[in-house]
Amino acid sequence: MLTFLHVASRQGFQVDSYEDEAIGAMAKNEKGVPWVSSVKLNPKIVYSGEKLPTPADEERLHHLAHEQCFIANSIKTEVVVSGPTGS
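The text that follows walks through the structure, step by step, so that each part is easy to find. (Residues numbered from 1 in each chain as written. Predicted model: local features only at pLDDT ≥ 70, side-chain atom pairs only at ≥ 80, totals over all residues. Heavy atoms only, no water.)

**With respect to the layout of surface pockets**
Of the pockets and cavities examined, the largest pocket occupies roughly 420 Å³. Considering the residues around the largest pocket, the lining is formed by 18 residues, among which Met1, Leu41, Cys69, Ala72 and Val79 are closest to the centre. Sorting the residues of the lining of the largest pocket by element identifies helix H1 (2–10), strand E3 (34–41), helix H2 (55–68) and strand E5 (78–81) as the ones contributing at least two each. Tallied by class, residues from the lining of the largest pocket come to 14 nonpolar, three polar and one charged. (1 Å grid on protein atoms, 1.4 Å probe; cavity = no way out; pocket = protein on both sides within 12 Å on 5 of 7 lines; lining within 4 Å. Points joined across faces, edges and corners; volume = space filled by probe spheres on them. Helix = DSSP H or I, 4+ residues; strand = E, 2+ residues; numbered from the N terminus. Nonpolar A, V, L, I, M, F, W, Y, C, P; charged D, E, K, R; others polar.)

Below, the structure is given as structure tokens:
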């Protein structure tokens, strides 16, 4: 979330609120040990100001945030963002 807020701000978007209800899925690895194999993010984002993002803008913002996020770059778990993300 923090990386998304940073990226959105740098792109000129004003985020008023960002809420998420992430859902994780567990599986067993090749050794039979359970692990969190995927996480689905369900962000609800509210924007204001003169510059509002299009759906394509939001997709690009999420992609950039995922590329720059230290957590996403530290895990092997698949992270998926659902859409649309808000109003």
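After presenting the structure, the write-up continues.
**Regarding H2**
With 14 residues, H2 ought to run about 20 Å at 1.5 Å a step, and its terminal C-alpha atoms sit 20 Å apart, in line with that. Along H2, the residues classified as buried are Asp57, Glu58, Leu61, His62 and Ala65. Each buried residue of H2 lies within a common arc of 135 degrees when the element is viewed along its axis, so the set occupies one face. Away from its buried face by more than 90 degrees, H2 exposes Ala56 and Glu59. Along its buried surface, H2 packs onto H1, strand E1 (14–19), strand E4 (44–48) and E5. (Expected span 1.5 Å × (residues − 1). Buried < 20%, exposed > 50% of the residue type's maximum accessible area, 1.4 Å probe, protein only. Arc of directions from axis to C-beta. Contact = heavy atoms within 4.5 Å.)

**A short note on the pairing of E4**
One face of the sheet, then the other: side chains in a regular strand alternate in exactly this way. Burial along E4 is one-sided: the residues Ile45 and Tyr47 are buried and none of Lys44, Val46 and Ser48 is. Here E1 pairs with E4 via five bridges, running antiparallel. Residue pairing for E4: tyrosine 18 is matched across the bridge by isoleucine 45. (Pairing = 2+ DSSP bridges.)

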